[in-house]
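# Close look at the chain arrangement
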Amino acid sequence: MEQDVESPITIRQPKLPRQAREDFCNQGADKERAKRKIQRYVRKDGKCNVHNGNVRETYRYFTDIFTTLVDLKWRFNLFIFVLVYTVTWLFFGMIWWLIAYVRGDLEHIGDNQWTPCVNNLNGFVSAFLFSIETETTIGYGYRVITDKCPEGIVLLLVQSVLGSIVNAFMVGCMFVKISQPKKRAETLVFSTHAVISIRDGKLCLMFRVGDLRNSHIVEASIKAKLIKSKQTKEGEFIPLNQTDLNVGYDTGDDRLFLVSPLIICHEINEHSPFWDISKSHLAKEELEIVVILEGMVEATGMTCQARSSYVASEIQWGYRFSPVLTLEDGFYEVDYNSFHETYETNTPPCSARELAEMTTRAGMPVSWSFTSKLNEQAELETEEEEEKRSHSNRDQTAQNGDVANVENESKV
């Protein structure tokens with residue numbers, strides 16, 4: 001009895017371009033990645049997210065006591081400022097009181113025949129007040145040292161010299177604390193997002209910087225670093241490895257005349273760490289771009305440094321920055337409301353390497369439409385899969401024919 005063998009029925013699914021399929025598959029991964037907390041190396045406000053632990057050589061902080069005091073918070077700095085002056089006044093006041101006590105001046109108070117070391121010093125409080133007058137050179141004229149007290153003259157010289165040193169140290173510390181250029185960095189702004197798009201036929205990574213003040217930064221320069229862990233060929237794991245991003249070092253474009261907002265550009269070429277990164281791969285990368293703007297403050301001449309960073313989720317692929325500079329009647333006006341705004345532009349989702357290979361192979365400009373190219377690749381992949389299906393169908397038909405022949409022979 002013959003047995004029919006059913007041939008497999010294949011249902012053809014609509015074919016999507018490879019890039020669209022990758023983006024669709026990566027949507028779930030992107031959502032999971034967005035849920036995770038991003039650990040930054042440098043925060044958006046420029047503060048480094050690194051804490052030093054298990055520092056045993058704490059004596060090094062005291063060898064550079066001036067910088068240690070300047071780096072302290074304001075409440076501790078003011079407390080130390082008041083404490084140093086109070087301790088020195090009390091210390092020298094105690095010595096003035098001891099001199100008067102040893103000499104017997106406290107026992108001859110009101111005796112006109114006795115010449116004390118310090119006139120009108122009748123106790124510790126008056127000695128403390130005389131110490132303040134001596135160190136601060138106030139000199140009210142009521143308490144005054146006499147020439148019959150050599151030990152008092154020596155102490156007066158010592159307190160005058162040490163008082164000048166204390167004044168120079170503490171006043172200098174407070175002056176540096178007040179005039180430090182950290183607050184100047186608050187008026188140097190970076191765009192909230194970095195963008196990747198085509199510029200002059202090349203795929204470029206760009207971000208924008210601006211200065212809110214009319215007093216400009218002198219000798220301003222910009223640099224960028226890629227923070228990403230890597231593993232060497234020998235198997236060594238390097239956490240948070242730093243790689244320089246060329247933002248115009250060889251052409252001088254990294255030295256800025258920061259009068260109006262500028263767009264800093266990093267060309268993605270074969271020397272760039274983004275050479276093999278496409279749009280779909282960027283969403284899966286664990287990287288951070290740290291940008292550093294530094295220069296001298298025009299008003300004070302002190303060096304100022306502003307920092308910011310961009311993680312992978314803050315890099316927009318296929319966008320450009322909106323213009324912010326307009327020409328008014330006799331001057332240029334900068335609209336900082338549009339400083340962070342971007343707009344979408346036609347940008348290929350492939351990596352710079354693939355873009356260069358396709359451009360060379362096709363002999364077409366980079367600004368061409370990639371939709372047709374993706375459709376062409378999808379059609380080629382569809383044809384390849386149809387060929388594979390036809391081969392499998394022929395094999396299945398041949399197998400069915402063999403089964404029928406075997407059954408016929410068994411009947412005979």
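No experiment lies behind these values; they were computed from the predicted model shown.

### Points about the packing of aromatic side chains
Considering all chains together, one arrives at 8 aromatic pairs under this definition. When the centroid spacing of 5.8 Å and the interplanar angle of 80° are considered together, the rings of Phe66 and Phe169 count as edge-to-face. One end of the pair, Phe66, is in helix H3 (residues 65–71); the other, Phe169, is in helix H6 (residues 150–179), with 103 residues separating them in the sequence. Between the NZ or CZ atom of Lys177 and the centre of the ring of Trp74, over which it lies, the distance is 5.6 Å.

### Observations concerning a nonpolar patch on the surface
A cluster of nonpolar side chains, Leu90, Met94, Leu98, Phe124, Val125 and Leu129, forms an exposed patch at the surface whose accessible area comes to about 490 Å². Structurally, Leu129 is set in helix H5 (residues 124–136). On the accessibility criterion, Leu129 (35% relative accessible area) is partly exposed.

### Details of the layout of surface pockets
The gaps of empty space that remain are located by a probe, the size of a water molecule, rolled over the atoms. Each pocket or cavity is described by its volume, and for the largest pocket that value is around 1200 Å³. Looking at the largest pocket, it is lined by 37 residues, and the ones nearest its centre are Lys47, Lys182, Lys183, Ala185 and Glu186. Here the element with the most residues in the lining of the largest pocket is strand E9 (residues 303–311); it accounts for 6 residues. Class assignment for the residues of the lining of the largest pocket results in 14 nonpolar, 11 polar and 12 charged.

### Notes on a positive patch on the surface
Where like charges cluster on the molecular surface, the positive patch consists of Lys47, Lys73, Arg75, Lys182 and Lys183. For Lys73, a relative accessible area of 49% gives the class partly exposed.

### Considering the pairing of strand E4 (residues 217–231)
Sheet analysis places E4 next to strand E8 (residues 288–297), joined by 9 bridges and oriented antiparallel. The residue of E8 that forms the bridge with Ile227 is Glu288. Of the strand pairs in this sheet, E4 and strand E6 (residues 255–256) are connected by 2 bridges, and their pairing is antiparallel. Each bridged residue has a counterpart across the sheet, and for Ser221 the counterpart in E6 is Arg255. Across 7 bridges, E4 lies against strand E5 (residues 237–245) in antiparallel orientation. In the sheet register, Ile227 faces E5, and the bridge partner there is Gln242. Here E4 folds back onto E5, and the loop between the two strands holds 5 residues, one of which, Gly235, carries a positive phi near 95°.

### Quick notes on H6
End to end, H6 covers 43 Å across 30 residues, agreeing with the expected 44 Å (1.5 Å per residue, within 8%). All of the buried residues along H6 are Gly152, Leu155, Gln159, Gly163, Val166, Met170, Cys173, Met174 and Lys177. For H6, the elements touching its buried residues are H3, helix H4 (74–103) and H5.

### Quick word on the state of the cysteines
The full count for this structure, using the stated rule, is 1 disulfide. Note on cysteine connectivity: Cys117 is disulfide-linked to Cys149, with sulfurs 2.1 Å apart. Judged by the sign of its S-S torsion, about -75°, the bond between Cys117 and Cys149 is left-handed. Here Cys149 lies in the loop between H5 and H6 and Cys117 lies in the loop between H4 and H5, a separation of 32 residues in the sequence.

### A few points about the confidence of the model for the chain
Confidence along the chain averages 81 in pLDDT terms, with 79% of residues attaining 70 or more. For the chain, helix H1 (residues 18–35) is the element with the lowest average pLDDT, namely 48, and strand E11 (residues 319–321) is the one with the highest, namely 96. In the model, residues 367–372 has pLDDT below 50 throughout and makes 8 contacts with residues more than four positions away in sequence or in other chains. Low pLDDT, under 50, characterises residues 397–412; the predicted model gives this stretch 6 contacts beyond four residues in sequence or across chains.

### Here's the deal with the packing of H5 against H6
One way to put it is that H5 packs onto H6 with a least axis distance of 8 Å and a crossing angle of 65°. Viewed along their axes, H5 and H6 form a crossing whose handedness is right-handed. Contacts between H5 and H6 involve Ser131, Thr134 and Glu135 from the first element and Leu156, Gln159, Ser160, Gly163 and Asn167 from the second. Its residues assigned to classes, the contact of H5 with H6 comprises 1 nonpolar, 6 polar and 1 charged.

Rules used throughout
Residues numbered from 1 in each chain as written. Predicted model: local features only at pLDDT ≥ 70, side-chain atom pairs only at ≥ 80, totals over all residues. Heavy atoms only, no water. Phe/Tyr/Trp six-rings, centres within 6.5 Å; stacked < 30°, edge-to-face > 60°. Helix = DSSP H or I, 4+ residues; strand = E, 2+ residues; numbered from the N terminus. Lys NZ or Arg CZ within 6 Å of the ring centre and 35° of its normal. Patch = residues over 30% accessible without salt bridge, like charges linked within 9 Å, V, L, I, M, F, W, Y side chains within 5 Å. Areas by Shrake-Rupley, 256 points an atom, 1.4 Å probe, with all protein chains shown as cover. Salt bridge = Lys/Arg side-chain N within 4 Å of Asp/Glu carboxyl O. Buried < 20%, exposed > 50% of the residue type's maximum accessible area, 1.4 Å probe, protein only. 1 Å grid on protein atoms, 1.4 Å probe; cavity = no way out; pocket = protein on both sides within 12 Å on 5 of 7 lines; lining within 4 Å. Points joined across faces, edges and corners; volume = space filled by probe spheres on them. Nonpolar A, V, L, I, M, F, W, Y, C, P; charged D, E, K, R; others polar. Lys, Arg positive; Asp, Glu negative; His and termini not counted. Charge placed at Lys NZ, Arg CZ, Asp CG, Glu CD. Pairing = 2+ DSSP bridges. Expected span 1.5 Å × (residues − 1). Contact = heavy atoms within 4.5 Å. Disulfide = S-S within 2.5 Å. pLDDT = per-residue confidence, 0-100. Axes fitted to C-alpha atoms, helices over the stretch in contact; angles between N-to-C directions. Left-handed = near helix turned anticlockwise from the far one by under 90°.

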